[in-house]
Amino acid sequence: MLKTCKNSFKQNITPVSSDQYVPEVELKEYLKINDTIYKVDSKAEAGMTFSHLLNYKYSDTLKKMDPDHLVALVTEVIPNYSCLVFCPTKKNCENVAEMICKFLSKEYLKHREKEKQEMIKNLKNISNGNLCPVLKRTIPLGVAYHHSGLTSDERKLLEEAYSTGVLCLLTCTSTLAAGVNLPARRVILRAPYVAKEFLKRNQYKQMIGRAGRAGIDSVGESILILQEKDKQQVLELISRPLENCYSHLVQEFTKGIQTLFLSLIGLKIATNLGDIYHFMSGTFFGVQQKFLLKEKSLWEITVESLRYLTEKGLLQKNTIFTEKGHTQKDAIYKPEEWFQFSFHITKLGQASFKGTIDLAYCDILYRDLKKGLEGLVLESLLHLVYLTTPYDMASQCDPDWMIFFRQFNQLSPAEQNVAALIGVSENYIGKKASGQAIKKKVDKDIVNRLYLSFVLYTLLKETNIWSVSEKFNMPRGYIQSLLTAAATFSSCVLHFCEELEEFWVYRALLVELTKKLTYCVRAELVPLMEVTGVLEGRAKQLYNAGYKSLTHLANADPEVLIRTIDHLSRHQAKQIVSSAKMLLHEKAEALQEEVEELLRLPSDFPSIEKA
């Protein structure tokens, strides 16, 4: 087993009071190759200098299980200080967390033991009694994994526990470095890879930037574990300048420009090229362009965006007369010729803008909704769910074909007909599941979107992320993200349809579907979840206690609620009753306005002249 070794990295800690100046924390970068630690040194010819050899003694079992000496590196720090271990994949995060825990002494169980037990209890409460078996084994030792496969509630609890020191070690993916601010005394990079891609300079900087806690530590440490074969590439990565960190914003910037053009033209603020360009020159977009799209001028971006929106059918160019009096037809024009046109927003453009639909998919959405009208299957929600499954998530999906085939065969004939209507046959899914070659081409995005709609449809029926996660072999965090995205997209599609008279049939249907996707609970719990602070678990408690409607909650006594509902504070009880009263009052006012409107004499009522 691991023998306690001298901590070569430890520094004296001087706590800083809130009214003192907090100096910048020094970051020390290290590389680990085999059992040797090197300090990153840009002044050295090799880019690094020898620091020390790891002083450890491993058993044969530990050496086989932990060839990278992670246990030695983390136990120099935890439990008194915090540590982050970045891993290439989500599965590796879980495996590393479990491996480290197998070799930690029982003394770690005693560190903040009661708080860790309370944390496990809270994790069960937010997951309807479910608890990840990996977390069940690692949390008692102060260790947990953190990645997108967890639900947002689980991640929040883990982050809070880590921030307060209840957890001292998180094994995580690179997404934690880009998002949540969770600093550590020591940051360890398990390998110079993110998934299968070699680490980029800005990713490396983001990860090691978590090392050092201002006001607590005087120094932060980062250790990148690498193999000899990766040594040269890593040294080049560390020494090269940062990549253009704006590059990932270019696509969003372009979308922003195009959406702004729709609003400008739709509101008739600017309707021709000259006015639009002049307006853009004075906006923050005009400033950003100089940094994000240096290879293109604002003029070129403006012309290209107008051309794109016109080709998409979101804008229409008005036919005008040239100086010679000849009519110009819609064709390909040189940039300067676009001065001759004024633009107006089309119905599709107006619907896309009002629905905040991603402009890349607006024409596809229109086509799918149009096709849906030809044979909309209303015997179940599956067809509607398919139409509101987000397009962008379909491109990231990789179906499990055996599960796909099994779920397809559990559908009713009417539900199977939905797949046929969109062009995916049982024969195609069956051949993919059995690994047979398929000659007929089927749109991959349509197939993937259908698979995701199966996930959502099953979730709406079962309302349990954990069971659906197991059924489809998908991370519960991914399923939660899919549900949230689908609820948002369903609302967007609803507003899209409200602007297009031909889609009137979808309006009432999508109102109910959006509500179902938003809450994803049994129908009787939906009214309770409209109240501030009431999530699914709390709604079930209230319903089982006899509070089955908004009226029940609005007339409830907070003191009685505290005694009746487990783990409900006085503040929460008062907030629930207050919110229910406000919602009830708003609904009553809306109904009163409706009554007054019905009883009001119409302004165009014909007058009766006296004889």
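About the thresholds
Residues numbered from 1 in each chain as written. Predicted model: local features only at pLDDT ≥ 70, side-chain atom pairs only at ≥ 80, totals over all residues. Heavy atoms only, no water. Helix = DSSP H or I, 4+ residues; strand = E, 2+ residues; numbered from the N terminus. Buried < 20%, exposed > 50% of the residue type's maximum accessible area, 1.4 Å probe, protein only. Areas by Shrake-Rupley, 256 points an atom, 1.4 Å probe, with all protein chains shown as cover. Pairing = 2+ DSSP bridges. Axes fitted to C-alpha atoms, helices over the stretch in contact; angles between N-to-C directions. Contact = heavy atoms within 4.5 Å. Left-handed = near helix turned anticlockwise from the far one by under 90°. Nonpolar A, V, L, I, M, F, W, Y, C, P; charged D, E, K, R; others polar. Core = buried A, V, L, I, M, F, W, Y, C linked by side-chain atoms within 4.5 Å. Salt bridge = Lys/Arg side-chain N within 4 Å of Asp/Glu carboxyl O. Right-handed = clockwise from strand over helix to strand, strands pointing away. Arc of directions from axis to C-beta. Polar contact = N/O pair within 3.5 Å; in protein donor to acceptor, adjacent residues only side chain to side chain. Phe/Tyr/Trp six-rings, centres within 6.5 Å; stacked < 30°, edge-to-face > 60°. Lys NZ or Arg CZ within 6 Å of the ring centre and 35° of its normal. pLDDT = per-residue confidence, 0-100. Patch = residues over 30% accessible without salt bridge, like charges linked within 9 Å, V, L, I, M, F, W, Y side chains within 5 Å. Lys, Arg positive; Asp, Glu negative; His and termini not counted. Charge placed at Lys NZ, Arg CZ, Asp CG, Glu CD.

1. Digging into the overall build of the protein chain
Item 1. What the protein chain contains, in helices and strands, is 30 helices and 12 strands.
Item 2. Sorting the 611 residues of the protein chain into buried and exposed places 45% on the buried side.
Item 3. Summed over its atoms, the accessible surface of the protein chain is roughly 32900 Å², and 52% of this surface lies on carbon and sulfur atoms.

2. Quick look at the sheet that holds strand S6 (residues 169-172)
Item 1. As summarised here, the arrangement of the eight strands in space is S3-S2-S1-S10-S7-S4-S6-S5, forming an open sheet in which the pairing is mixed. Because the sheet does not close on itself, it has two edges, and the strands there are strand S3 (48-53) and strand S5 (143-146). Strand-to-strand twist in this sheet, taken as the mean axis angle between neighbours without regard to direction, amounts to 25°.
Item 2. With four bridges joining them, strand S1 (residues 26-33) and strand S2 (residues 36-40) adopt antiparallel strand pairing. Following the sheet pairing, leucine 31 is matched in S2 by tyrosine 38.
Item 3. Across the sheet, helix H7 (residues 152-163) touches strand S4 (83-86), S5 and S6, and the angle it forms with S5 is around 135°.
Item 4. Sheet strands in contact with helix H9 (residues 201-208) are S1, S4, strand S7 (186-189) and strand S10 (219-226), and its direction is about 145° off that of S7.

3. Some remarks on the packing of helix H19 (residues 401-409) against helix H21 (residues 426-434)
Item 1. Contact pair H19 / H21: the axes reach a minimum separation of 8 Å and the direction vectors enclose 145°. Regarding H19 and H21, the two cross each other, and that crossing is left-handed. On the side of H19, the interface is formed by Trp401, Met402, Phe404, Phe405, Phe408 and Asn409, while H21 contributes Glu426, Tyr428, Ile429, Gly430, Lys432 and Ala433.
Item 2. Of the residues contributing to the contact of H19 with H21, the split by class is eight nonpolar, two polar and two charged.

4. Looking at the nonpolar core
General note: in soluble globular proteins, nonpolar side chains tend to be found buried as a group.
Item 1. Ranked by internal contacts, the top residues of the largest apolar core, which has 84 residues, are Leu369, Phe496 and Tyr506.
Item 2. Element by element, the count of residues in this core is highest for helix H24 (residues 476-498), at 11 residues.
Item 3. Excluding its chain neighbours within four sequence positions, the residues that come into contact with tyrosine 506 are Leu369, Gly372, Leu373, Leu376, Leu384, Leu387 and Cys497.
Item 4. Among the nonpolar cores identified, the runner-up in size contains 76 residues, and Leu54, Tyr58, Val85 and Ile223 belong to it.

5. Comments concerning unusual backbone geometry
Item 1. Proline 79 follows isoleucine 78 through a cis peptide bond whose omega is 5°.
Item 2. You can see proline 79 is positioned in the loop between helix H2 (70-75) and S4.
Item 3. Here the phi dihedral of asparagine 34 falls at roughly 60°; this positive angle occurs in a residue that is not glycine.

6. Quick word on the environment of threonine 514
Item 1. With respect to the helices, strands and loops of the structure, threonine 514 is situated in helix H25 (residues 504-519).
Item 2. Remark: the alpha-carbon pair of threonine 514 and serine 491, spanning 23 residues in sequence, is separated by 5.9 Å.
Item 3. Apart from the residues within four sequence positions on either side, threonine 514 is in contact with Ala487, Ser490 and Ser491.

7. Things to note about the pattern of salt bridges
Item 1. A full pass over the atoms with the stated rule returns 18 salt bridges.
Item 2. Between arginine 186 and glutamate 76 there is a salt bridge, with its nearest N and O atoms 2.8 Å apart. Within this pair, whereas arginine 186 is found in strand S7, its partner glutamate 76 is found in the loop between H2 and S4, the two being separated by 110 residues in sequence.
Item 3. Residue arginine 186 is classed as buried on the basis of its relative accessible area of 0%.
Item 4. For glutamate 76, a relative accessible area of 7% corresponds to the buried category.
Item 5. A salt bridge links aspartate 368 to arginine 449; its shortest N-O distance comes to 3.2 Å.

8. Things to note about the environment of leucine 384
Item 1. Within the secondary structure, leucine 384 is located in helix H17 (residues 382-387).
Item 2. Residues leucine 384 and leucine 513, spaced 129 residues apart in sequence, show a C-alpha to C-alpha distance of 7.8 Å.
Item 3. Excluding residues within four positions of it along the chain, leucine 384 makes contact with Tyr506, Leu509, Leu510 and Leu513.

9. Things to note about the pairing of S5
Item 1. Side-chain alternation along S5 places Val143 and Tyr145 on one buried face and Ala144 and His146 on a second face that is also buried.
Item 2. Across four bridges, the pairing between S5 and S6 is parallel. When the sheet's bridge partners are listed, histidine 146 is paired in S6 with cysteine 172.
Item 3. Between the parallel elements S5 and S6, the chain passes through H7 in a crossover that is right-handed.

10. With respect to helix H12 (residues 273-281)
Item 1. Among all positions of H12, only Leu273, Ile276 and Met280 are buried. In a view along the axis of H12, the buried residues occupy a sector of 70°, so they form one face of it.
Item 2. Sitting at the amino-terminal end of H12 is asparagine 272, which places a side-chain oxygen 3.2 Å from the backbone nitrogen of glycine 274.

11. Some words on the packing of aromatic side chains
Item 1. For the structure on display, the rule yields 12 aromatic pairs.
Item 2. Ring centres of tyrosine 38 and phenylalanine 50 lie 6.4 Å apart, and the angle between their planes is 80°; this geometry places the pair in the edge-to-face category. Of this pair, tyrosine 38 sits in strand S2 while phenylalanine 50 sits in strand S3, and the two are 12 residues apart along the sequence.
Item 3. On the numbers, 5.8 Å between centres and 65° between planes, the contact of phenylalanine 503 with tyrosine 506 is edge-to-face.
Item 4. Through a chain of ring-to-ring contacts, three or more aromatic side chains come together here, namely Trp401, Phe404, Tyr428, Tyr451, Phe454 and Phe472.
Item 5. The ring of tyrosine 391 has arginine 449 lying over it, and the distance from NZ or CZ to the ring centre is 3.8 Å.

12. Here we look at the confidence of the model for the protein chain
Item 1. On average, the protein chain scores 85 in pLDDT, and the residues at 70 or more come to 89%.
Item 2. Looking across the protein chain, the model is least confident in helix H13 (residues 284-292), with a mean pLDDT of 74, and most confident in H17, with 96.
Item 3. Contacts from residues 321-333, a stretch scored under 50 in pLDDT, to residues over four places away or in other chains number 18 contacts.

13. Quick notes on the pairing of S1
Item 1. Most of S1 sits inside the fold, with six of its eight residues counted as buried.
Item 2. Where S1 and S10 come together, eight bridges link them in parallel fashion. Bridge pairing links isoleucine 33 to leucine 226 in S10.
Item 3. Hairpin connection between S1 and S2: a loop of two residues separates the two successive antiparallel strands, and asparagine 34 in this loop has a positive phi of roughly 60°.

14. Quick look at a negative patch on the surface
Item 1. Among the surface-exposed residues, Glu586, Glu589, Glu593 and Glu596 lie close enough to one another that they form a single negatively charged patch.
Item 2. Its location among the elements puts glutamate 596 in helix H30 (residues 570-599).
Item 3. With a relative accessible area of 39%, glutamate 596 lands in the partly exposed category.

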